[in-house]
Every structure is written in structure tokens, then in C-alpha cells.
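Each chain is listed here by its residues.
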Amino acid sequence: SDGDHVPALVVGSGYGGAVTALRLTQAGIATSVVEMGMAWNTPGPDGNVFCDMIKPDQRSFWLRTRTDQPLGYFLGIPVNKPIGRYTGVLDSEAFSGIRVYQGRGLGGGSLVNGAMAVLPKREYFEEILPSVDADAMYRTYFPRAMAALGVNNVDPAWFESAACYRYARLSRDEAHASGYRTTFIPSVYDFAYMAQEQANAVARSALGSEVIYGNNHGKRSLDKTYLAAAAATGRLTVTTQHVVTAVAPANGGGYVVTLTQLGTTGDAVNTKTVRADRVFLAAGSVGTSKLLVAMKATGKLPGLGDAVGHGWGNNGNVMVARANHVWQPTGSLQSAMPAVGIDNWADPAGPVFAEIAPFPSGNETWISLYLAITKNPHRARFVYNAGTGAVDLTWRTEQNQPSIDAASRVFDTINRRQATIYRSDLFGVCKVWGDDLTYHPLGGCVLDQATDNYGRLPGHPGLYVMDGSLIPGSTGVNPFVTITALAERNIEKIISTDLP
Ligand code: FDA
């Protein structure tokens, strides 16, 4: 509460924040986590905490009066609909050239994401983060992260028979028949629970079209793993529906942190300041970068270097869909958790790792949907707008062209070999590529550039960055395992050398 003095304050409760909270509390340090979103532990009038993707209500989106679905059209007709303005779980944050999707709530992106827990390719990891000892990462921190996240694998025999993965088997077989290799994707969704869903033995979540607006069952989100373990130490304090708006050095050491308490319609209910000896920024690539760029521009954190705000990328994300032949149904029942990816990363002319994504509409659509991760070289930066006080992102939609080019190599080939075509009615009217959105914001406060090699902000002792903003715009796979493992590495160092 207002005027408190705490030893350690963590801003944000996604992967970086949850790792930080667990390791600090285990080290005996009383830790306060501040999260702008809701706690998501209370069922609504329908008995569920979260809404599904077929009938999104106010719980779906962060402070919008209309949904903003990643696929905004069907047969070229807009599918978004009015909703009540509410502090919902998924934010579609609009910058001029890109919509950045992010989770809002205790657990951050883990509440809304597809649960795909993918280890980055070691060679590529060494390329993007050359200052990090890859041996230590692959020997110690990746395994530590995967264990604490509760990663599990689909039973291949069950996968072959389950109706809910017909769509994935079809896309996989088409990829193989076109000369591409595929791989199973580990997950933090409990596949044993999913098998029970398929057998009609439990309430459906992945098989109930639940994912981007939260899962009522089955998913090992951070509130059930890292954050639950941190709470069990008895040293964790969580404050939700509070947004951190400023961080500045305090007289006599530590930091003064300014918070605005939000009501469920986004109204500012209260403003508070607390003093923290140490502050761990884990507000995500966008949240942390925006805060630091604003603090630098307004002189509140004068020690920040010029690299702050730079090096942002969208992990090369583009989405695309193909129309299958009528004799190749994808199934009306689809698991919302992807289980297979097309791995064409080794193609030097255009590396692609494409997840075979569900289209869980409840009807047969014959659609094969993909989220492609590519090696897009373009980067953008966050810029403070002195006129509005807002922070903009310089990314332009055209910067996605290299991603489209790389993904086209794969999907043009599949279409040619399978005699199929792209769907052009899902991302707009006559628009093939979903190129104006990302699920994977990365960078803005890059490790060993804006911070030291462990996330410390030079010039401001006791101020750290712990989240996806440390990763320079790309990981080549879905990013949360990389973010988690890097946070494990950094917090271990910080606890052993900086904390008494
Ligand atoms: P993250 O965004 O998780 O957490 C930051 C938290 O800080 C949020 O809870 C936010 O509300 C809070 N916050 C921000 N600003 C604040 C402020 N000023 N004050 C207080 N709180 C603040 N990745 C993957 O590996 N596999 C997958 O399957 C998917 N699928 C996927 C689907 C969808 C729909 C999305 C949106 C994203 C994914 N991702 C994914 C991406 C993954 O979820 C993402 O990379 C991580 O959540 C990022 O972790 P961070 O810790 O960096 O931030």
C-alpha cells in the first residue's frame, strides 16, 4: 500500500517476473509482485473464469469496446463484435505498423498463449546472444526452466488416433508429401488432461475452443507453477490491477515506484508510491521498454544508456492459411493447443519454423492455419512522444516482407504439390498474409547492450530487467522457454553477487 518500503519489487508477473519471484522468495527475500491485469481466479456468472473463442465477452480483451481477433474476417466479412470495456485477459496493443498481442493478468502471457514450450536451436541461440555461455544454458538453465514450467510431450500413438488432432495430421502429412520435415512440439498444456477431454471424461478446455482468452482447465500457466511455488514460501505479496507508471531513484538509496490502481473499466482509482530497495522490471518486451524509454526521456532515470528502447523485433511472425480439398476435412473438433511444427529452419534462403495452428470454430472449415516464425533481420525501436507522453514503436508493416518471402517458399511449395490455394478471406478482403500482428514481441532492452550481461541496468544499481525485452528481436522458436531460462540464469547470478 501507499508509502510502503519493500526489499524487492517485481513489475509484471509473466515468465521473467514469475522466475524472479520464485528465486527471490526461495532465497529468503520478501518479494512484492505488481501486475496491471487481474488475478483471474474468480468464476464469472457462467461458472467459468475465462470465456472461449467462439463467444468472446468482456473478459476477452483488455479495455476494448470491440474484439480485435487475430483473424478478423471470415469469407471476407468482419467477425469482430462489440464487448463491454473491461480489464480482460488479452491485450491487442496497437502501434502504427503492428498489433502486439500480450497477456494481461497474474501469469502474463502464460494465461493466453498456446503453451508451446520449444527449446531454441543451439546454433541460433549462440548467434543471437553471443555473450551468454550456451553450455551453461543447455546444461543447466533450459532444463531447470522446462522442469519448473511443467513441460510434457504428446503420446505419439494417441496423437495418431485423436479426432482433435486430425487438422494437425493432415497439415503434417501434406508437409511431408511436399518435402518438409515436422516435429512434435512440447507443451505446458497437460496432454493427459487433453486425452480425458477427448474421452469425454472431464470438462473441455483445449477441446472447448479455449486458448487466447485463457484456459479454464489443463494449462500449467505460471499462476499454477512458478507463482504458486513462490506463494508457498510465505514471502510473496501480489498486488493486481496496479500499473507501474514511474520508477526513479529514491533519496538515500533504492527506488520510488509510482503505481496507479485500476478499476475493471480501466479507470484510475488511486495513485500510490512505494519505496523498493531493488526493482526487477518484468513487464514484458513492450511494457518494460515503454517504461524505461519514458523514464530516460523525462530524466527520471538519467543513467540509462542509448541502447534502451532499441533492438525490438517480432520474432519474424507471419500467419497464413491454406484451403484444403473437400475430401480432406480438418475436423470440427480441434485441440486449441498446437502439437506439431514444420521445421524448415535449416533452409539458408529463408529459415522457417511454422506451427500448425488450430482453427477451432466448432465447424468443418477445411482450413490449414499456420503461425510462421522466420529470421526477419529488421528491427525497430521505442520512441518517446513528448507531445502525448506516449511511447511509439517504429515498426512498419512493410518490414514483414522478408518473413512473407521466407514463409512463401514453404507454403507456395505445399500448395503447388498438393494442388491447393491460400485462403485470402481471413486477414482482410483478398489478403493472404497476417502480417500486421505479432504474438512474440522481443527486445527493447537487449542483454549486454542496454543492460550488462545479467540484466543489470548500468548507472542504476539495484534496477534490473528480467523479461523478453532482453532478447534481441528473435529466438527462431516460440519464446517463453528462452525467456524463462535466461531469467533463471540472470537471477541466480544476481542473488549470489548483489544480494546480501
Ligand atoms: P509477459 O508479457 O508474459 O508478462 C508481462 C506482464 O507484465 C503482463 O502480465 C503485463 O500485464 C504486466 N505489465 C506490463 N506493463 C506493466 C506495468 N507498467 N505495470 C504492471 N504490470 C505490467 N510463446 C511460446 O513460447 N509458446 C506459445 O505457444 C505462445 N503462444 C502465444 C499466444 C498468444 C496469443 C500470445 C499473446 C503470446 C504467445 N506466446 C507464446 C508468447 C509468450 O506468451 C510471451 O513471449 C511471454 O509471455 C513473454 O514473457 P515476458 O515475461 O517477457 O512478459
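All values reported here derive from a predicted model rather than from experimental measurement.

Draft legend 1. Layout of the side chain of T451. As for its position among the elements, T451 is in the loop between strand 19 (437–438) and strand 20 (463–465). Once you skip the residues sitting within four places of it in the chain, T451 turns out to touch C445, V446, R456, L457, P458, V465 and L470.

Draft legend 2. Here's a closer look at the layout of surface pockets. Space inside the second largest pocket adds up to approximately 220 Å³. If you go around the second largest pocket, you meet 16 residues; those closest to its centre are S1, D4, S32, T239 and V274. Mapped onto the lining of the second largest pocket, the elements with two or more residues apiece are strand 1 (5–11), strand 2 (31–34), strand 8 (236–239) and strand 11 (268–281). Ranked by the residues each element gives to the lining of the second largest pocket, the list is headed by strand 2, at 3 residues.

Draft legend 3. Seen up close, unusual backbone geometry. The residue L63 is not glycine, and still its phi comes out positive at about 50 degrees. Considering the arrangement of structural elements, one finds L63 in the loop between strand 2 and strand 3 (73–74). For L63, a relative accessible area of 21% puts it in the partly exposed group. The phi torsion at A115 lies on the positive side, around 70 degrees, for a residue other than glycine. By relative accessible area, which is 1% here, A115 ends up buried.

Draft legend 4. Inspection of helix 3 (residues 134–149) at higher detail. The sharpest bend along helix 3 comes to roughly 35 degrees, located at Y141, with the proline P143 sitting one to four residues further on. Along helix 3, the residues classified as buried are A134, A136, M137, Y138, Y141, F142, A145 and L149. Residues of helix 3 that are buried in the fold lie against helix 1 (15–26), helix 2 (122–128), helix 7 (226–232) and helix 10 (480–498). Capping the start of helix 3 is the job of one residue whose side-chain oxygen sits 3.0 Å from the backbone nitrogen of D135: D133. Phi turns positive, to about 75 degrees, at G150, one or two residues after helix 3.

Draft legend 5. Structural detail: the side chain of S205. Examined against the element boundaries, S205 turns out to sit in the loop between helix 6 (191–198) and helix 7. S205 sits in the buried class, given a relative accessible area of 0%. Leaving out residues up to four positions away in the same chain, S205 has contacts with Y189, E197, E210, N215, N216 and H217.

Draft legend 6. Structural view of the confidence of the model for the protein. Of the residues in the protein, 100% reach a pLDDT of 70 or more, and the chain-wide mean stands at 97. Summarising per-element confidence for the protein, the mean pLDDT is lowest in strand 4 (residues 77–78) (91) and highest in helix 1 (99).

Draft legend 7. Focus on the sheet that holds strand 6 (residues 99–103). Pairing is mixed across the open sheet formed by 3 strands, whose spatial order is 5-6-19. Each edge of the open sheet is held by one strand with a lone partner, namely strand 5 (90–94) and strand 19. Relative to strand 19, strand 6 runs parallel, the two being bridged by 2 bridges. Residue V100 lies in a different strand from strand 19, and its bridge partner there is T438.

Draft legend 8. Focus on a nonpolar patch on the surface. Taken together, the side chains of F74, L75, I77 and V79 define a hydrophobic patch exposed on the protein surface, amounting to about 350 Å² of accessible area. Along the polypeptide, L75 turns up in the loop between strand 3 and strand 4.

Draft legend 9. Representation of the site of the ligand within the structure. Lining the immediate environment of the ligand, one finds 36 residues, of which E35, G109, M116, G468 and F480 sit closest. Between the ligand and G114 there is a distance of 3.1 Å, counted from a nitrogen atom to a backbone nitrogen or oxygen. Backbone polar atom of V244 to a nitrogen atom of the ligand: 2.9 Å apart, as the coordinates give it. Look at the ligand: alone it shows 1,000 Å² of surface, and the protein chains cover 95% of it. Among the elements of the structure, helix 1, strand 6, strand 9 (242–249) and helix 10 are those that each provide at least two residues to the shell around the ligand. Of the residues assigned to the shell around the ligand, the class counts are 17 nonpolar, 16 polar and 3 charged.

Cut-offs and rules
- Residues numbered from 1 in each chain as written.
- Predicted model: local features only at pLDDT ≥ 70, side-chain atom pairs only at ≥ 80, totals over all residues.
- Heavy atoms only, no water.
- Helix = DSSP H or I, 4+ residues; strand = E, 2+ residues; numbered from the N terminus.
- Contact = heavy atoms within 4.5 Å.
- 1 Å grid on protein atoms, 1.4 Å probe; cavity = no way out; pocket = protein on both sides within 12 Å on 5 of 7 lines; lining within 4 Å.
- Points joined across faces, edges and corners; volume = space filled by probe spheres on them.
- Buried < 20%, exposed > 50% of the residue type's maximum accessible area, 1.4 Å probe, protein only.
- Bend = angle between axes of the 7 residues up to and from the residue.
- Polar contact = N/O pair within 3.5 Å; in protein donor to acceptor, adjacent residues only side chain to side chain.
- pLDDT = per-residue confidence, 0-100.
- Pairing = 2+ DSSP bridges.
- Patch = residues over 30% accessible without salt bridge, like charges linked within 9 Å, V, L, I, M, F, W, Y side chains within 5 Å.
- Areas by Shrake-Rupley, 256 points an atom, 1.4 Å probe, with all protein chains shown as cover.
- Salt bridge = Lys/Arg side-chain N within 4 Å of Asp/Glu carboxyl O.
- Near = heavy atom within 4 Å.
- Nonpolar A, V, L, I, M, F, W, Y, C, P; charged D, E, K, R; others polar.

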